[in-house]
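Here is how the chains run, residue by residue.
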Amino acid sequence: MFLLVVLALIALAWFQHRVGRYPYYAFDDMDQITALDVLLIEGGRLPDQISHPTAGMYLLVSWTQRLAYLAGWLHLRDFAALPAWTNPLLGIAELIEFLRGHLPYVAVGAALAIAGAVMLAVGEGAWMLVTVFACILTSRTLALHTLIFRTDLFALFYAALALLLGTLALRTERRTALAFAVLSGLACGLAVTSKVQILPTAAAAPLLALLMMVKQERGAAFGRIDVRHNMIIMAAALAALGALVLLALAPLPEHFYHYRSSFSNIWLCGAALAAVATPGLATRYLPRDGVPYRFFSFANLMALGFVAAFPVLGMVATNPLNAVRFVAAIAKVSLLGTIDSALNPNPPRLLDQFAAAPLLFILPLVAVALLAFGDRKPTRGAAIGVLAAIGVLALASAACFSRGMVGTDVIFTEPLILLLSCVALGMVWRQRSAWLHAAAAGCAAVLALHAIAQGEITALADATGPRYFRESRQLVTCCGRGNQSAIEAVLQRRLGDVPELSRDAAFRQAANYGAVSLRAATILPNRGTIDWRRIGVLGEGLALSGAGERITRVPETLHGAAVYVPPPTVPCRAAWLDRPLAFFGLFSFEAEAWRGCHPETIRPRSDIAVLVFIPAARRAEFGLAEDAPVVGIGTRDYVGVTVPADVGNDLLLRLDAIADRFIVIRRAYG
């Protein structure tokens, strides 16, 4: 277990390093799309993007965004707050990097879930968990999908959870087993509503459970479910599915962006109804003491969980009406939509997929062949049949759901093939034969070499990545319409019609939002948490507030410097804390900063120049020279008062008494 924890921590650190390779503006699809949709969701609107359908991912990221905002880790809550920001790109940049920060944890979680499922399915110990975990961590899938933000990785995470929960259902008894089966189906539903192409991997969950029933004679809890209760479960699932179909008949709002050419796919809807009804109906004609009955009882519960995933997606929205509308839209896209064939007019042939990654196709064949020759148990045929069914899913994924075995679509096939290979090799290892152990070890060595070869992917991906770098795309939305157009309007109004030099300065500030905000907090230590909405850029054509006049004149030496518009001074809080804080060893100036006293305090550094700009009419009060820097805003001029490193309280109090002022912070170097 110690080795597993160490491996997970190393993987997290490595994946975080990969996530940090690209700045927030590198990819508008899907980094920007997702961030803007999250802002819409939190602002009481529905997201625009439902093409994948993406809903399962939004369920996770919308809630983490809410919690992060409440905890103070994020500073932009929703799109309605954007007009009040001096530089709205600061909040968007922070949100995009927060969303990208999910990738390492989702990747490690998916790998751990798949490894846990394999360990439980094979019946081996911790060594199997660590081995499979390392195998998935070093896959091309995670190498690519921790570099770019896609809904695909979230879909894999949910599918991996479905695999793990399904195997846990076979390892537990009574009601716990039934609950795990329903949760496994729920995870399958969230996976498919994140990215429909993950369907074959999600469909492996019941097959892995069937393998455990065949080889380990597990699943007694599902044999105890009588036919009457199976009928009730099936009826509940069908009723819920029928309600979803009725909701799906409602017109789809025009702002949604999708890849569906029509919404009259009766075959798809019929397939969904058949998939939900078949397990329950099958239990009526099967003896309760056999594996088929236990399997279909398990699948019946999974079907109920799968359908339940749709109403759970309503938790994405912030109000009940939007929740119903969102669930209806996802049901329409998922159950009635026909994907536009023009999106992939020339799908790759299966032979081409094999030629692109031959090892991935050969390895499971070798592993299953070894099992066929080495396993002498009566259940050999049934077990190989289940593994073959998983192999068929992998082939279907490569043939129908993946546009290539070397690009980002590899995520829909590679993890499933690695799952099949690891399960088969684990079963081979359990055989009492030295030559089988040697053969399994040889296959494991090939997998290790495969993992080492993935090390070149980073450099190759970086070589192709720069084509995404389109900084001007920060002011326009990827889809160009829908609810996101309200956000685009704000960005264009604030940054669109300004000189290019000023716009570039705003881009630079957003790209370094962390350093900029930290610098402001360092210079203004007694203001508590710095209000990011009040941080902006000094540049001609920009404004210091949403409704404020634009800057008309800026000294060349100050162009691009950070601006902070201080809020009205508030009284010092909690005076009674002085003695306790002194008791804990805080100096008086530290206690004042802790309590927010003397917010006028400014602490310049030798490498950071700080100027407070006040109305030019008050120049004489501060004895300013004629060559003091002047900034024009609208028809008014402001003159800068330089704050020296050894500034006294008298000057700071006099400056703080002037309500119409702003602070400029400029680095002396860089």
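In what follows, the structure referred to is the one given above.
1. With respect to unusual backbone geometry
Phase 1: The step from Asp-29 to Met-30 runs through a cis peptide bond, and the omega angle for that step is 15 degrees.
Phase 2: Pro-53 follows His-52 through a cis peptide bond whose omega is 10 degrees.
Phase 3: The residue Pro-53 is located in the loop between α2 (28-42) and α3 (55-70) in this model.
Phase 4: You will see that Thr-54, though not glycine, has its phi angle at about 80 degrees, which is positive.
Phase 5: Note that Thr-54 resides in the loop between α2 and α3.
Phase 6: You can call Thr-54 buried: its relative accessible area is 0%.
Phase 7: Unusually for a residue other than glycine, Arg-174 sits at a positive phi of about 55 degrees.
Phase 8: Along the chain, Arg-174 turns up in helix α9 (residues 174-192).
Phase 9: A relative accessible area of 65% places Arg-174 in the exposed class.

2. Considerations on the environment of Ala-367
Phase 1: Take Ala-367: it is sitting in helix α17 (residues 358-374).
Phase 2: A sequence separation of 141 residues divides Ala-367 from Arg-508, and the C-alpha atoms of the two residues are 53 Å apart.

3. Notes on the sheet that holds strand β4 (residues 551-553)
Phase 1: Strand order in the open sheet made by the seven strands is β3-β5-β9-β6-β8-β7-β4, with antiparallel pairing throughout. Each edge of the open sheet carries a strand with a single partner, namely β3 (535-537) and β4. On average, adjacent strands in this sheet sit at an angle of 35 degrees to one another, irrespective of strand direction.
Phase 2: Alignment of strand β6 (residues 608-615) against strand β8 (residues 636-642), held across five bridges, turns out to be antiparallel. Across the sheet, residue Leu-611 finds its bridge partner in β8, namely Thr-642.
Phase 3: Packed on one face of the sheet, helix α23 (residues 500-511) meets β3 and β5 (562-564) and runs near 140 degrees to β3.

4. A look at the pairing of β6
Phase 1: Buried residues dominate β6, accounting for seven of its eight residues.
Phase 2: Bridge count for β6 against strand β9 (residues 662-667) is six bridges, and the pairing is antiparallel. For Val-610, the partnering residue across the bridge sits in β9 and is Ile-665.

5. Considering the pairing of strand β7 (residues 630-633)
Regular strands have side chains that alternate between both faces of the sheet.
Phase 1: Of the two faces of β7, the one carrying Val-630 and Gly-632 and the one carrying Val-631 and Ile-633 are both buried.
Phase 2: As defined by bridge partners, β4 adjoins β7 across two bridges and the pair is classed as antiparallel. The residue of β7 that forms the bridge with Arg-553 is Gly-632.
Phase 3: As judged from the four bridges shared by β7 and β8, these two strands associate in the antiparallel manner. Residue pairing in the sheet places Gly-632 in a bridge with Asp-637 of β8.
Phase 4: In this antiparallel pair of consecutive strands, β7 and β8, the connection spans two residues, and Gly-634 shows a positive phi of 65 degrees.

6. Observations regarding the side chain of Ser-397
Phase 1: Along the chain, Ser-397 falls in helix α18 (residues 380-401).
Phase 2: Using a relative accessible area of 0% as the deciding quantity, one classes Ser-397 as buried.
Phase 3: If we ignore the near neighbours within four places in the chain, the residues touching Ser-397 are Pro-200, Ser-402, Phe-412 and Thr-413.

What counts, and at which threshold
Residues numbered from 1 in each chain as written. Predicted model: local features only at pLDDT ≥ 70, side-chain atom pairs only at ≥ 80, totals over all residues. Heavy atoms only, no water. Helix = DSSP H or I, 4+ residues; strand = E, 2+ residues; numbered from the N terminus. Buried < 20%, exposed > 50% of the residue type's maximum accessible area, 1.4 Å probe, protein only. Pairing = 2+ DSSP bridges. Axes fitted to C-alpha atoms, helices over the stretch in contact; angles between N-to-C directions. Contact = heavy atoms within 4.5 Å.

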